[in-house]
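Descriptive analysis of the structure
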Amino acid sequence: MQDIKVSIFASAVRVPFYKIFLESLRSTSIPFEVVFAGHNTPEEIKPFTEEYPFFKYIHTAPIKPEQCYDAARRACVGDAIHITADDAEYSSDCIGKAYNYWKSLNDIRTMLSIQTIENMQFCDMKAHRFFWHQPDSPIMAPMFFMSRQLLEDMGGFDRRYICGQGENDIVMRFVMEENGKVEIWGDKENNITLDHMRRHGLVRPFATGYNHDRAILEGSWGNGKKVLSRRRDIHEPYTHDETFLLKSQSFNKQHWV
């Protein structure tokens, strides 16, 4: 069995995007795996598991996306873990290069924020802040890359989130409670491309929980104007019982069971 170096994971149900995503990872120079979780059927997934031996899929009921992220995370086995989305496309050996750089740091309390190109624009990753209008607030890592074991020790995702901002909560816990630091990695040659508008248009169900999730995040870490020195509440990990893949915990009934 290969010694997996990096586990790439996501909540993922958009099958038409899978081939582009998986093909872009073929150039990866280190042993890796892709772990998706969602409510696609075995028949939909079988062609991909047959063609891409590094791909595995955790089948769930139509539970909320953030819970699928934690389901995928729990199935990962790599030294490092990297959060992604099924509409992402990777530059040549992006993950291999990122891993080698991360390992060279010899510091599990460094998280990489991998450079992105979004909607055909090269992003200023320094602008991804807790409060976007406050350049001195903590930098976020929308496509974070970090120690798998450390994220496990941190308790994974918080079950209060529905479909976004949970990754920002992880970054805040990493920085504020684990004495971690975020470092931007990548450039115009080494990056992840995400083209939201051309591929999805304006209607994106995943974004419907943004206001709810943002309120949870700011309620934990901010006072509306600045980031607090200590969080107001406590992390709520998922309960991994026999219903974990079948029923959403702390969920929005509008879209998910």
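Quick summary incoming for the structure in this document.

Cut-offs used in this document
Residues numbered from 1 in each chain as written. Predicted model: local features only at pLDDT ≥ 70, side-chain atom pairs only at ≥ 80, totals over all residues. Heavy atoms only, no water. Core = buried A, V, L, I, M, F, W, Y, C linked by side-chain atoms within 4.5 Å. Buried < 20%, exposed > 50% of the residue type's maximum accessible area, 1.4 Å probe, protein only. Contact = heavy atoms within 4.5 Å. Phe/Tyr/Trp six-rings, centres within 6.5 Å; stacked < 30°, edge-to-face > 60°. Helix = DSSP H or I, 4+ residues; strand = E, 2+ residues; numbered from the N terminus. Lys NZ or Arg CZ within 6 Å of the ring centre and 35° of its normal. Pairing = 2+ DSSP bridges. Axes fitted to C-alpha atoms, helices over the stretch in contact; angles between N-to-C directions. Salt bridge = Lys/Arg side-chain N within 4 Å of Asp/Glu carboxyl O. Polar contact = N/O pair within 3.5 Å; in protein donor to acceptor, adjacent residues only side chain to side chain.

1. Examining the nonpolar core
In this structure, F9, Y18, V34, F55 and M146 are the most contacted members of the largest nonpolar core, which totals 70 residues. Apart from the residues within four sequence positions on either side, F55 is in contact with Y18, L22, V34, F36, I45, F48 and T49.

2. Thoughts on the packing of aromatic side chains
Counted under the stated rule, the structure contains 17 aromatic pairs. Taken together, a centroid distance of 6.1 Å and an interplanar angle of 65 degrees make the contact between Y18 and F55 edge-to-face. Taken together, the positions of Y18 in helix α1 (residues 18-23) and F55 in strand β3 (residues 55-59) put the pair 37 residues apart, joining distant regions of the chain. Pair check on accessibility: Y18 and F55 agree, each one buried. Aromatic rings pair up to connect Y18, F21, F36, F48, F55, Y57 and Y90 into one cluster. A cation over a ring is seen here: K188 above F122, with NZ or CZ 5.7 Å from the ring centre.

3. Examining the sheet that holds strand β1 (residues 6-11)
On the basis of which strands lie adjacent, the open sheet formed by seven strands has the order β3-β2-β1-β4-β9-β6-β10 and mixed pairing. Whereas interior strands pair on both sides, the edge strands pair on one side only; in this sheet they are β3 and β10 (181-185). Direction aside, the axes of adjacent strands within the sheet are offset by 25 degrees on average. In this structure, strand β6 (residues 110-114) lies alongside β10, joined through five bridges in parallel fashion. Its bridge partner being in β10, S113 is matched across the sheet by I184.

4. Considering the pattern of salt bridges
Inspection of the entire model under this criterion finds 21 salt bridges. Taking the shortest distance from any N to any O, the salt bridge between R14 and D86 comes out at 2.6 Å. Note that R14 is positioned in the loop between β1 and α1 and D86 in the loop between β4 (80-83) and β5 (88-90), a separation of 72 residues in sequence. A salt bridge links E23 to R26; its shortest N-O distance comes to 3.0 Å. For E23, a relative accessible area of 32% puts it in the partly exposed group. One connected set of salt bridges, linked through shared partners, spans D158, R160, D169, R173, E177, R231 and D233.

5. What to know about the environment of E51
Of note, E51 is situated in helix α2 (residues 42-51). Owing to a relative accessible area of 36%, E51 belongs among the partly exposed residues under this scheme. Linking E51 and K19, residues 32 residues apart in sequence, is a C-alpha distance of 9.7 Å. Those residues in contact with E51 that sit more than four places away from it in its chain are K19, E23 and R26. A polar contact of 3.5 Å, which involves the side chain of E51, links it to the side chain of Y52.

6. Things to note about the sheet that holds strand β7 (residues 116-118)
Strand order in the open sheet formed by four strands is β5-β11-β7-β8, and the pairing between neighbours is mixed. The outermost strands of the open sheet, each flanked by one partner alone, are β5 and β8 (121-122). Pairing between β7 and β8: two bridges, direction antiparallel. Within the sheet, the bridge partner assigned to E118 lies in β8 and is Q121.

7. Topic: unusual backbone geometry
For N119, which is not glycine, the phi torsion reads 50 degrees and is therefore positive. Examined against the element boundaries, N119 turns out to sit in the loop between β7 and β8. A residue is classified by how much of its surface remains accessible, and N119, at 27% relative accessible area, is partly exposed. You will see that M120, though not glycine, has its phi angle at about 70 degrees, which is positive. The topology assignment puts M120 in the loop between β7 and β8. For M120, a relative accessible area of 58% corresponds to the exposed category.

8. What to know about the environment of H128
Position of H128 relative to the elements: it lies in the loop between β8 and β9 (144-147). Placed 37 residues apart in sequence, H128 and Q165 show a C-alpha to C-alpha distance of 12 Å. Sequence-distant contacts of H128, defined by excluding residues within four places in its chain, comprise E118, P138, I139, M140 and P142.

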